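Chain and residue survey
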Amino acid sequence: MYLGIDIGTSSVKTVLFGRDQRLLAQASEPLTVQRPRPGWSEQDPEAWWAAVLATIDAIARQHSLAALRGIGLSGQMHGAVCLDHDDRLLRPAILWNDGRAMAECAELEAACPRSREIAGNIAMPGFTAPKILWLRKHEPEIFADIDTVLLPKDYVRFRLTGHHVSDMSDASGTLWLDVGARDWSDDLLEATGLTRAHMPRLVEGSAPSGDLLPELAARWSIPGPVVVAGGAGDNAAAACGVGVTTPGSAFISLGTSGVLFVSNARFSPNTDGAVHAFAHAIPDTWHQMGVILSASDSLEWLSRVAGRKPAELASAVSLEAGPSRVTFLPHLSGERTPHNDAAARGAFIGLAQSTGLADLTQAVMEGVAYAFADCQRALADAGTDFASALAVGGGARSEAWLRIIASVLDRPIEIAADADVGAALGAARLAICAAEGATPAEICAAPEILRAIEPEASLVTRYREGHARYRALYPALKET
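So, a few notes on the structure that sits alongside this text. Keep in mind the model is a prediction, meaning the values are calculated, not measured.

For the rest of this paragraph, the subject is the side chain of Thr-285. Along the chain, the position of Thr-285 falls in the loop between strand S18 (276-279) and strand S19 (286-292). Once residues within four sequence positions are removed from consideration, Thr-285 is found in contact with Arg-182, Thr-245, Ser-263, Asn-264, Ala-279 and His-280.

This part covers the packing of aromatic side chains. By the definition in use, this model includes 9 aromatic pairs. Ring plane angle 45° and centroid distance 6.2 Å describe the contact between Tyr-155 and Phe-158, whose orientation is recorded as tilted. Remark: Phe-158 and Tyr-155 occur in helix H6 (residues 152-161); sequence separation between them is 3 residues, near one turn of the helix. Among the residues examined, Tyr-155 registers a relative accessible area of 3% and is labelled buried. Members of the aromatic cluster, joined through ring pairs, are Trp-301, Phe-328 and Phe-348.

Counting residues in hydrophobic clusters, the biggest one holds 112 residues, and the most contacted among them are Ile-71, Ile-132 and Trp-176. Judged by nonpolar contacts, the second largest core, of 51 residues, contains Val-262, Val-326, Ala-391 and Trp-401.

Here the focus is the pattern of salt bridges. With the rule as written, the count across this model stands at 27 salt bridges. Ionic pairing is found between Glu-117 and Arg-114, a salt bridge with its closest N-O pair at 3.2 Å. Across the salt bridge formed by Lys-153 and Asp-170, the nearest N and O atoms sit 3.1 Å from each other. Linking Lys-153 in helix H6 with Asp-170 in helix H7 (residues 168-171), this pair joins segments that are 17 residues apart in sequence. Of the two residues, Lys-153 and Asp-170, both sit in the buried class. Each member of the salt-bridge network shares a partner with another, and the members are Glu-42, Arg-91, Asp-98, Arg-100 and Glu-139.

Where strand S22 (residues 389-392) meets strand S23 (residues 413-416), 3 bridges bridge the pair, whose relative direction is parallel. Within S23, the residue paired with Leu-390 across the bridge is Glu-414. Following the chain from S22 across helix H14 (residues 399-409) to the adjacent parallel S23, one finds a crossover that is right-handed. As paired elements, S23 and strand S24 (residues 449-453) share 4 bridges and run antiparallel to each other. The partner of Ile-415 across the bridge, within S24, is Arg-451.

What counts, and where the lines are drawn
Every chain's residues receive numbers from 1 upward, in the order its sequence appears when written. Side-chain atom pairs in this predicted model are given and counted only at pLDDT of 80 or more, local residue features only at pLDDT of at least 70, and totals for whole chains, interfaces and linings cover all residues. Side-chain metrics in this entry use all non-hydrogen atoms of the structure; hydrogen atoms and water are not considered. Starting at the N terminus, helices and strands are each numbered in turn, a helix being any DSSP run of H or I of at least four residues and a strand any DSSP run of E of at least two. Any two residues whose heavy atoms approach within 4.5 Å at even a single point are treated as in contact. A pair of aromatic rings is counted whenever rings of Phe, Tyr or Trp (Trp by its six-membered ring) have centres within 6.5 Å, and the orientation is called stacked for planes under 30 degrees apart, edge-to-face for over 60 and tilted otherwise. The buried label applies to any residue whose accessible area, calculated with a 1.4 Å probe on protein chains only, is under 20% of its type's maximum; exposed applies above 50%, and partly exposed to all values in between. Residues grouped as a nonpolar core are buried Ala, Val, Leu, Ile, Met, Phe, Trp, Tyr and Cys residues, joined through side-chain atoms within 4.5 Å. Each salt bridge in this description consists of a side-chain nitrogen of Lys or Arg and a carboxyl oxygen of Asp or Glu lying within 4 Å of one another. Here, a strand pair is defined by DSSP locating no fewer than two bridges between the strands. Orient the strands so they point away from the viewer; a crossover is then right-handed if the path from the first strand over the helix to the second runs clockwise.

Below, the structure written as structure tokens:
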């Protein structure tokens, strides 16, 4: 048996699979985000660890773990976990959707003029390296005590194994990795006042990174050794979970953030449109991503304001009358692709006396779809296209939302079995590879496709016009 642990922003999900990849048990624990100032986003890494323990404890009550052989890890990317010489936490982790380090991005690129070429990405405040520059400037006493910087899932790995290790996909989001060479860059580290000594050891996502500590094995009554795989950043793990590992295969993630992910045969950086070019979780493979920072999080925001559950809001949306007369910009936490603007903020345009909650909900869903279309265009500018995309993430449960996205992108959106555990399944698949010496090609197969939602001809043209209006709004509002 194999555990897949996904350390998300809103929850930790842990799943137990057999060697045949049949789901045996699962558990999840909620997490909260602290926002001490506008634009800031933090979490206590001890909350991740407590949630991991709670989910594995719950699974152990459902199913014996005596046959457990491997654990795989997936996690939210870019977060900065700072440890001192004694491996004690120095402060809360600064998360991927934190925008405080905008000025430090320019400083990093000035200090290392080849940064975009080496890292394959624009320096963005969500990435790890600018956060450390911010700490050096604003919390120098914390910076001076930093001995190791870990990513969120790698802090959990440290608690599971006692080792500081990261994988290539997650490390790609730090701005310290030479993504083409799949190794730390001394030049990028120097630009932030760090060295390789501050970094975890690197392994491929499908390779072993260490063994489960004996006291934890005893806690869950596991007699034999348990290998912990390198694992992956959340999106690369989701790709392994839904078989998006061959060039040209794609998925769309409607999670807290939104991702358009396409697998590549080679390192293909293109930073002009704020496209991410990262190492994949499997050897000799890379991927490109367009990223929006508030996807299902936009609907969550509206649900809090309206006092209704997101699913209740989504179920009231009807596309019979076509696109909403209201346009929504989903820049609630800034934006990445294509604007790279941490200061961008959301907006409703076109409100009228007749506008109701259903109109606002549809506008939110369409705004997120238009943001995906911006990502699609940025990837096309980089020479990347896709014939169809698998839908993953909590937002993929909404039929109306997938209909909107299919018509906005003019591409079929496929619904796969077990899409809601994609990243956790991907982590478990990497655990199988690490524990059994299996290859990702053997293990990371595409799932059964339940059905495909095709673009609707009656909507494609109207949404193309709607996207043009949407695209005009960001520069217009930025000027005000």
